[in-house]
Amino acid sequence: MCTTMKKRLDCNSLNPGAASAVSDEGLNDSNRCQTVGEPLLENPRISCREIDVFYGKKQAINSVSLDIGHNEVIAMIGPSGCGKSTFLRCINRMNDTIDSCRVSGSILLDGQDINRPDLDVVLLRARVGMVFQKPNPFPKSIRENVAYGPKIHGLARNKAELEEIVTTSLQRAGLWDEVKDRLDEPGTGLSGGQQQRLCIARTIAVSPEVILMDEPCSALDPIATAKIEDLITELRDKFTIIIVTHSMQQASRISQRTAYFHLGDLVEVSSTSQLFTNPKHKLTEDYITGRFG
Ligand SMILES: Nc1ncnc2c1ncn2[C@@H]1O[C@H](COP(=O)(O)OP(=O)(O)O)[C@@H](O)[C@H]1O
Ligand SMILES: [Mg+2]
């Protein structure tokens, strides 16, 4: 059975209440699965509507609409290739850097359209910071890694203010005590877990509103992972955090809402406890019980 046909059956016969209108003529309509749960919020920080993403002719995201709240950690889960990273990259326009990639739909950050042509993308990426799967410190000192962003964005009026930002960011990232005596040593000399916290310090140094994290712990051991998870929980008081994770346990520990993606569709968004204990959609249930993925 072709993927489209399979999806159509999954989305419509197994959970008729959740199905979107299916047209027999158009593959476009039949290719869509309406999100169940609570994808929309009152007073969101980020508001995504009908996001489609194509790589060349291949559609990777199908009409996804999702709001993300203030001071929320939202986890994105789903099998490999379902579009989690692609969707995440829409929110700071990182897909702009991929030639074949086309994004449509609207994304508002604090009510402002992030896709408008006159928007400064460098500024957007400071407001919406990103932490990647593999820690990627610059080949510079620990201090320079954190000071770089504030310097290029002119966030400090003098050296003392810059030093203050470096210190506070490293403290907030839970790394200060481990590095305060060696700020001039290379960032790349730290352990994997320390490097990831350094990347988080670098991200928060420019005072973002939102932090995107794409499987930030998948290269880390359990102890380093636990530190990052504690950090995410602390950072929520100041930032909105969107985290892609392969670990359902991790999503349960750190997020308030969870979004389940499947073949480019946003199938379900619910409070994390609800999604894992009482999923509304059969596809979500199959995934969390290990029958799929
Ligand atoms: N740079 C790219 N060029 C072409 N296709 C891509 C690219 N990145 C991702 N894709 C495709 O888009 C789909 C979604 O991928 P991705 O967003 O990486 O999924 P996930 O993060 O859930 O594993 C997959 O089919 C993948 O092969
Ligand atoms: Mg990915």
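Residues numbered from 1 in each chain as written. Chains lettered and ligands numbered in written order. Predicted model: local features only at pLDDT ≥ 70, side-chain atom pairs only at ≥ 80, totals over all residues.

A. Spotlight on the site of ligand 1. By nearness alone, every residue bordering ligand 1 is listed as Tyr55, Ala60, Gly78, Ser80, Gly81, Cys82, Gly83, Lys84, Ser85, Thr86, Ile98 and Ser100. For the shell around ligand 1, the leading source of residues is helix α3 (residues 84–90), giving three residues. The residue inventory of the shell around ligand 1, partitioned by class, reads four nonpolar, seven polar and one charged. (Near = placed C-beta within 6 Å. Helix = DSSP H or I, 4+ residues; strand = E, 2+ residues; numbered from the N terminus. Nonpolar A, V, L, I, M, F, W, Y, C, P; charged D, E, K, R; others polar.)

B. Layout of the pairing of strand β4 (residues 73–77). Most of β4 sits out of view: five of its five residues are buried. Side chains Val73, Ala75 and Ile77 of β4 all project onto a buried face; the interleaved residues Ile74 and Met76 project onto the opposite face, where all are buried too. Here four bridges tie β4 to strand β9 (residues 240–244), and the two strands are oriented parallel to one another. Bridging from a neighbouring strand, Ala75 pairs with Ile243 of β9. Note: β4 against strand β10 (residues 257–262), four bridges, orientation parallel. (Buried ≥ 20, exposed ≤ 12 C-beta atoms within 10 Å, placed from the backbone. Pairing = 2+ DSSP bridges.)

C. Expanded view of the sheet that holds strand β8 (residues 210–214). One open sheet holds the seven strands; their spatial order is β1-β11-β10-β4-β9-β8-β7, and the pairing between them is mixed. Both outer strands of the open sheet, β1 (36–37) and β7 (128–131), are each paired with one neighbouring strand and no more. Sheet topology places β10 next to strand β11 (residues 265–271); six bridges connect them, and they run antiparallel. Each residue of the ladder has a partner; that of His262, found in β11, is Asp265.

D. Geometry of the sheet that holds strand β2 (residues 46–55). Taken in spatial order, the four strands make up an open sheet running β3-β2-β5-β6, and their pairing is antiparallel. Taken across any chain shown, the strands that pair with only one partner, and hence form the sheet edges, are β3 (58–68) and β6 (112–113). Alignment of β2 against β3, held across seven bridges, turns out to be antiparallel. Across the sheet, Val53 pairs through a bridge with Ile61, a residue of β3.

E. Molecular detail of the pairing of β11. Of all seven residues that make up β11, six are buried, and the element is covered over most of its length. Taken together, the two bridges between β1 and β11 define a ladder with parallel strand orientation. Considered in β11, the bridge of Val36 is made with Glu268. Remark: two residues form the turn of the hairpin made by β10 and β11, two consecutive strands paired antiparallel; Leu263 in that turn has positive phi of roughly 45°.

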